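Structural overview for review
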Amino acid sequence: MDNFQQLRGGLYKETERIGRLATSNYFIAGSFSGDGNHEVCMYDLSKSGKLRQDTRFRDENTGRPCVDFDRTSWPHGDTGPARPHGILFTVSDSVLK
């Protein structure tokens with residue numbers, strides 16, 4: 001859940017309002033008869049509480065919404081597929097007001 005608001009000048013402040021959610025469909029291998037799809041997707045949360053998929057959050061390889069972690073190559077090298085199992089929105093202390 002993202003509750004940070006970007007201010008002018010590139011600073012951020014923490015707010016009470018959650019504006020975005022990130023999700024991953026990952027299950028521990030063998031549980032629930034599956035292994036998930038290894039994607040991370042982003043959703044916008046309106047002030048009225050409605051979710052809408054953020055289709056601007058796209059996989060740079062496929063061009064589809066969501067980022068697929070089932071890939072061979074990563075920016076740090078060819079290390080193979082990964083399983084997204086923890087998602088956290090962070091803001092550096094140096095830009096937090």
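Above this text sits the structure in question.
**Let's talk about the overall build of the chain**
- Within the chain one finds zero helices and six strands.
- In sequence order, the secondary structure elements of the chain are arranged as β-β-β-β-β-β.
- Relative to its full complement of 97 residues, the chain shows a buried share of 22%.
- Nonlocal contacts in the chain, meaning residues at least 24 apart in sequence, comprise 38% of its contacts between residues at least 6 apart.

**Here we look at the side chain of Glu-39**
- Mapped onto the fold, Glu-39 is located in strand β4 (residues 39–45).
- The exposure class of Glu-39 is buried, given its relative accessible area of 13%.
- Within polar-contact distance, the side chain of Glu-39 engages the side chain of Arg-64 at 2.7 Å.
- Excluding residues that lie within four positions of it along the chain, Glu-39 makes contacts with Thr-23, Ser-24, Asn-25, Arg-64, Cys-66, Val-67, Asp-68 and Pro-84.

**Remarks on the pattern of salt bridges**
- The full count for this structure, using the stated rule, is six salt bridges.
- For Arg-71, the salt bridge goes to Asp-59, with nearest N and O atoms at 2.6 Å. You can see Arg-71 sitting in the segment after β6 (67–68) and its partner Asp-59 sitting in the loop between β5 (51–53) and β6, a full 12 residues away along the chain. Across the pair, exposure class does not vary: Arg-71 and Asp-59 are buried alike.
- A salt bridge links Arg-71 to Glu-60; the nearest nitrogen and oxygen atoms lie 2.8 Å apart.

**Side note on the state of the cysteines**
- Taken as a whole and assessed by the stated rule, the structure comprises one disulfide.
- Bridging Cys-41 to Cys-66, the disulfide has an S-S length of 2.0 Å. What sets the handedness of the Cys-41 and Cys-66 disulfide is the S-S torsion sign, and at about 110° it is right-handed. Placement of Cys-41 in strand β4 and of Cys-66 in the loop between β5 and β6 is noted, with a sequence separation of 25 residues between them. Each member of the pair, Cys-41 together with Cys-66, is buried.

The rules we used
Residues numbered from 1 in each chain as written. Predicted model: local features only at pLDDT ≥ 70, side-chain atom pairs only at ≥ 80, totals over all residues. Heavy atoms only, no water. Helix = DSSP H or I, 4+ residues; strand = E, 2+ residues; numbered from the N terminus. Buried < 20%, exposed > 50% of the residue type's maximum accessible area, 1.4 Å probe, protein only. Contact = heavy atoms within 4.5 Å. Polar contact = N/O pair within 3.5 Å; in protein donor to acceptor, adjacent residues only side chain to side chain. Salt bridge = Lys/Arg side-chain N within 4 Å of Asp/Glu carboxyl O. Disulfide = S-S within 2.5 Å.

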